[in-house]
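# Secondary and tertiary structure notes
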Amino acid sequence: MPHTPYTPDRPPMPESPEQLRARIPGWGADLDPKDRPAVPQERHEPEGTGARRRGFPERQPEERPRERSIEHGTLTPVFGTSAPLRGLSGVVRRYAYRRFGEGRAAHWLLLIAADRVDVVESTVLDAVRGRPDNLIAETGVRGELTHHGWSSRVGAGRVDVRHEALDPLIVAGPWVLAGLGVVAGVRALVRRARGR
Amino acid sequence: MRAMVYRGPYRLRVEEKPPPRIEHPNDAIVRVELAAICGSDLHLYHGLMPDTRVGTTFGHEFIGVVEQVGPSVENLRVGDRVMVPFNVYCGSCYYCARGLYANCHNVNPNATAVGGIYGYSHTCGGYDGGQAELVRVPFADVGPAPIPEWMSDEDAVLLTDAASTGYFGAQLGEIGEGDAVVVFGAGPVGLMAAQSAWLMGAGRVIVVDHLEYRLEKARELAHAETVNFAEHRDVVVSLKRMTDYLGADVAIDAVGAEADGSFLQHVAAAKLKLQGGSPVALNWAIDSVRKGGTISVMGAYGPIFSAVKFGDAMNKGLTLRMNQCHVKRQWPRLFEHVRNGYITPAAMVTHRFGLDEIAEAYHVFSAKLDGCIKPLIVPGAG
Ligand SMILES: NC(=O)c1ccc[n+]([C@@H]2O[C@H](COP(=O)([O-])OP(=O)(O)OC[C@H]3O[C@@H](n4cnc5c(N)ncnc54)[C@H](O)[C@@H]3O)[C@@H](O)[C@H]2O)c1
Ligand SMILES: [Zn+2]
Ligand SMILES: [Zn+2]
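Residues numbered from 1 in each chain as written. Chains lettered and ligands numbered in written order. Predicted model: local features only at pLDDT ≥ 70, side-chain atom pairs only at ≥ 80, totals over all residues. Heavy atoms only, no water.

## Quick word on the coordination of the zinc ion (ligand 2)
All names here are of chain B. Ligation of the zinc ion (ligand 2) by protein atoms is provided by C38 (SG), H60 (NE2) and D161 (OD), these donors lying 1.8 to 2.3 Å from the ion. Site description for the zinc ion (ligand 2): donor spacing in sequence, C-x21-H-x100-D. Of this pair, C38 sits in the loop between β3 (28-36) and α1 (39-45) while D161 sits in the loop between α2 (153-159) and α3 (162-172), placing them 123 residues apart in sequence. Its relative accessible area of 4% is what places C38 among the buried residues. (Donors = N, O, S within 2.8 Å, 3.2 Å for Na, K, Ca; no water. Helix = DSSP H or I, 4+ residues; strand = E, 2+ residues; numbered from the N terminus. Buried < 20%, exposed > 50% of the residue type's maximum accessible area, 1.4 Å probe, protein only.)

Take a look at the structure:
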C-alpha cells in the first residue's frame, strides 16, 4: 500500500475545470448556487397559480367518514378516495388511525398487518364474485421467458440473485400456511365431532 | 376505464374501474398518454409501504391530455397536454408557501410525516395513480404544466419524477467546485444525480451499483467512474482508497429501502418487513464520505425505524439532507438543461409495455431483467 501523508490540502482535482468543461456537456452550469432552484430554501411559490390568492382551499365533500392521522388538527381539505375502508382490514386500519399517532410503531405495524388481512379478504371476495386471482398472470413471471430471465442473471455477478429465491416463498408461503391451517382445523373439528 | 390494480405483494392485474370524478372544484381529469414505473413503485409492489390497499392503482409519473376540469380551474383547458409532478400539493399551505411542495399539509389526511403522492398508498393520501387510462389530478391550477412543444414525451414523463429527483439530490449535496461525489445506485434517480453533479461543478463522480449493465450506463451517459460493489470485499474501504483516504466530499443515496449488499439487512427489511428499509447504501454513504461531508438521501424509506449508523454520522460531523423532491420547483432550470442536452432523461428508457402487460413490466423492472433501466407504460396501446 503506498504511503499516504495526511496534509492540510485537499486532494488535487484529477482534471482541471477546463478539461472537465471540454469533456462533459454543461459542466459547471450550476456552479453558482444562485442558479440552483432549491436555493434559497425559503422561497415563496411564484405567483400565478392563484392558489395563494385563494387561500385555504375549499373542502372536498366527505362522502363517507374518512380516516385520518390524529396528528392532524382537521381533515385535510383534499384527500384521496381510492379503496375506502371495508371488512376486517378496515376495522384494524380504523383502529390504527384512531388509537395511535404516527410516532408509534404500533400504528404502522397494525397497518401492515391490515394490509395482509386485506389481501386474504380481497382474494376470497373476488373468487366468490367470479373474478378469481390468477397468481401466475398477476406475478408477471412470464417476463422470465419473454425478457431473458436466465441470461439476465447467470454470470452477471449480481448479488440480488441470492435472496430472489425467497420471493416465491413470500408470495406463496402465506397461502400454503393458511391452507395447512385450514386442513388442520378441519381435521380437529372432524376428530371432535367423532368424539375422538 | 382500464387501470392497473394492486392485488397483494408481487401481484397486480388490469381491471375495469369506474372512471375518476371531479371531487373538488380545482380537480382535473387527465387521460394518460404515457406513464412510467418508478423504483418507488417497487417498494409498494413488494408490500413494504404500510396501508397499501388491494384495489388501488399505482403510478406517480405520467403525462396526458386534460379531459375535464372542475369549476374553479383557471390555468388549464380541456385538450391541454400536461406533465404532472408526482407531488399532490395545494400551493397555499405553510409548506407550499416555502417551496416545500413534497411536504404539503393540505392533501394527506392519513399522515403528517409525508405529503401527497399519486398512486402511492393511503400513507401518502389514498390517491389513485396514473398507470391507468384516466386519473384525477387535484389542484389542477398548481401542479400540472403544459408540455413545451420542443420536449419529447419521454423527457416529459421522466421530468415528473426521476430526472427532477436526481437533480434535486445533487443540489441537496451542496456540491462545490472540484468535489468528489459518490452516487449509490445506478437506477434512473442515481444516473440523473450523477449527470447533475457535474453541472454543479463536481471534480469527480463515482457511481456504485452491482448491476454491470447499469454501471455501463453510468459511464456512458453520466461520464462517471464506477464501482461494482459485488467485486469488492468492503466497498467502503475501496472508496476510501479511491479518495486519498479522506473520503468523498458528498454522497448521494439513490437506492433506498431495498438496498442490497447485506443479505441480512435486505431480508429483514424487504422480505420480512422488520425495519422501515434496508439501510445498507445509506450506511455505506455515512461511512465512506469524509468527515464534515454531506449526504443527500433520495432513496425512500418506510415510516418504521431502520438500523442507520447514527453514531458514525454524529462523530464525523456529517450534514444529512433529504426529502421527497419538490418537482415543479426544479422545472424552469431543469428544462433549460434538458434543452441544452446537459441532462438526458429519455436516454434511460429501455422498455415500453402496454397496460395489459403491466404485470410483466413490474416483474422485469423489479427483477432487473433484460437490461431494464426505465420501463414506460402506454395505456392506449395493446
Ligand atoms: N426522494 C424522492 O422524491 C424520490 C423520487 C423517486 C424515487 N425515489 C427513490 O429513489 C430510489 C431509487 O429509485 P430508482 O427509480 O432509481 O430505483 P431502481 O430500483 O431502478 O434503482 C436502485 C438501484 O440501486 C442499486 N442498489 C441496490 N443496493 C445497492 C447498494 N447497497 N449500493 C448501491 N446500489 C445499490 C440497485 O441495483 C438498482 O440499480 C428508490 O428508493 C426510490 O423510492 C425517491
Ligand atoms: Zn417515484
Ligand atoms: Zn400545500
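There's plenty left to go through after this.
## Some thoughts on the interface of chain B and chain A
In many reports, interface size means the accessible area that the parts give up when they come together. At the junction of the two partners, chain B supplies 107 residues and chain A supplies 106 residues. Between chain B and chain A lies a buried interface of about 8,800 Å² when both sides are counted; carbon and sulfur atoms form 52% of it. It is R11, P109 and R329 of chain B in chain B that bury the most area against chain A; as a group they hold 8% of the surface buried on that side. Summed over the shared surface of chain B and chain A, the result is 19 salt bridges. We note a salt bridge from D126 of chain A to R13 of chain B, for which the minimum N-O separation is 2.6 Å. At the junction of chain B and chain A, the tally comes to 71 residue pairs in polar contact (both at pLDDT 80 or more). Where the side of chain B that touches chain A is concerned, the elements lending two or more residues are β1 (2-8), β2 (11-16), α3, α4 (188-199), α7 (263-271), α10 (327-340), β16 (349-354) and α11 (358-366) of chain B. (Contact = heavy atoms within 4.5 Å. Buried area = accessible area lost by both parts, 1.4 Å probe. Salt bridge = Lys/Arg side-chain N within 4 Å of Asp/Glu carboxyl O. Polar contact = N/O pair within 3.5 Å; in protein donor to acceptor, adjacent residues only side chain to side chain.)

## Considering the packing of α3 of chain B against α4 of chain B
All names here are of chain B. The geometry of α3 relative to α4 is characterised by a closest axis approach of 7 Å and an angle of 50° between their N-to-C directions. Of the possible angle classes, the one that applies to α3 and α4 is oblique. Where α3 crosses over α4, the two elements pack in a sense that is right-handed. Every residue of α4 that contacts α3 at A162, A163, T165, G166, Y167 and A170 is listed here: P188, V189, M192, A193, S196 and A197. Here the residues of the contact of α3 with α4 sort into 9 nonpolar, 3 polar and no charged. (Axes fitted to C-alpha atoms, helices over the stretch in contact; angles between N-to-C directions. Parallel < 35°, antiparallel > 145°, perpendicular 65-115°, else oblique. Left-handed = near helix turned anticlockwise from the far one by under 90°. Nonpolar A, V, L, I, M, F, W, Y, C, P; charged D, E, K, R; others polar.)

## Details of the nonpolar core
All names here are of chain B. Judged by nonpolar contacts, the single largest core of 118 residues is most densely connected at M83, L159, V183, V205, V207 and Y362. Sorting elements by how many residues they give to this core places α4 first, with 8 residues. In this structure, Y362 is in contact with M4, L12, I37, D41, L42, Y45, F58 and Q131, ignoring residues within four places of it in sequence. Of all hydrophobic cores here, the second largest spans 25 residues; its members include V182, A251, A281 and I295. (Core = buried A, V, L, I, M, F, W, Y, C linked by side-chain atoms within 4.5 Å.)

## Focus: the pattern of salt bridges
Opposite charge on two side chains permits pairing when their charged atoms draw close. Going through the model one piece at a time under the given rule, you end up with 51 salt bridges over all chains. Across the salt bridge formed by E212 of chain B and R219 of chain B, the nearest N and O atoms sit 3.2 Å from each other. Residue classification places R219 of chain B among the partly exposed positions, given a relative accessible area of 36%. Three or more residues are tied together by salt bridges with common partners; here these are D126, R129, R131, D133 and E138 of chain A together with R7, R11, R13 and E15 of chain B.

## A look at the confidence of the model for chain B
Across chain B, pLDDT averages 96, with 100% of residues at or above 70. Listed scores for the predicted complex are pTM 0.95 and ipTM 0.96. (pLDDT = per-residue confidence, 0-100.)

## A few points about the sheet that holds strand β11 (residues 204-209) of chain B
All names here are of chain B. The strand order across the open sheet formed by 6 strands is β12-β11-β10-β13-β14-β15, and the pairing between neighbours is parallel. The open sheet is flanked by β12 (225-228) and β15 (319-322), the only strands paired with a single partner. On average, each strand axis in the sheet is inclined to that of its neighbour by 20°, with strand direction left out of account. Sheet topology places strand β13 (residues 248-253) next to strand β14 (residues 289-297); 5 bridges connect them, and they run parallel. When the bridges of β14 are listed, A248 appears paired with V289. Lying on the sheet, helix α5 (residues 212-222) is in contact with β11 and β12; it crosses β12 at an angle near 165°. Those strands touched by helix α8 (residues 280-288) are β10 (180-184), β13 and β14, and its axis lies near 150° from that of β14. (Pairing = 2+ DSSP bridges.)

## Examining the pairing of strand β8 (residues 134-137) of chain B
All names here are of chain B. Residue alternation in β8 divides its side chains into two sets, L134 and R136 and V135 and V137, and both sets are buried. Inspection of the sheet shows β3 paired to β8 by 4 bridges, in the antiparallel sense. In the sheet register, I29 faces β8, and the bridge partner there is R136.

## Some details on the site of ligand 1
Residues and elements named next belong to chain B. For ligand 1, the set of nearby residues contains 33 residues, the closest of which are S40, D209, D260, M298 and C325. Note that an oxygen atom of ligand 1 is positioned 2.8 Å from one of the side-chain N or O atoms of R214. Of all elements in the fold, only α1, α4, β11 and α8 reach the threshold of two or more residues within the shell around ligand 1. Of the residues belonging to the shell around ligand 1, the class tally is 17 nonpolar, 11 polar and 5 charged. Viewed by domain, the shell around ligand 1 spans two of them, domain 1 (2-161 + 326-378) and domain 2 (169-322), each represented by three or more residues. (Near = heavy atom within 4 Å. Domains from an automatic or database assignment.)

## Things to note about the environment of P25 of chain A
By secondary structure assignment, the location of P25 of chain A is in the loop between α1 (17-23) and α2 (51-54). Taking the C-alpha atoms as reference points, P25 of chain A and V159 of chain A, separated by 134 residues in sequence, lie 33 Å from one another.

## A short note on the domain arrangement of chain B
All names here are of chain B. Segmentation of chain B into domains returns domain 1 (2-161 + 326-378) and domain 2 (169-322). Here domain 1 and domain 2 have C-alpha centroids that lie 26 Å from each other. Domain 1 puts 21 residues into the contact, and the matching count from domain 2 is 20 residues. Of the roughly 1,900 Å² buried between domain 1 and domain 2, counting both surfaces, carbon and sulfur atoms make up 65%. The three residues of domain 1 that bury the most area against domain 2 are L48, M348 and I373, which together make up 30% of that side's buried surface. Inspection of the region where domain 1 meets domain 2 yields 0 salt bridges. For the side of domain 1 that touches domain 2, the secondary structure elements donating two or more residues are α1 and α10. Taken together, the residues of the side of domain 1 that touches domain 2 sort by class into 12 nonpolar, 7 polar and 2 charged.

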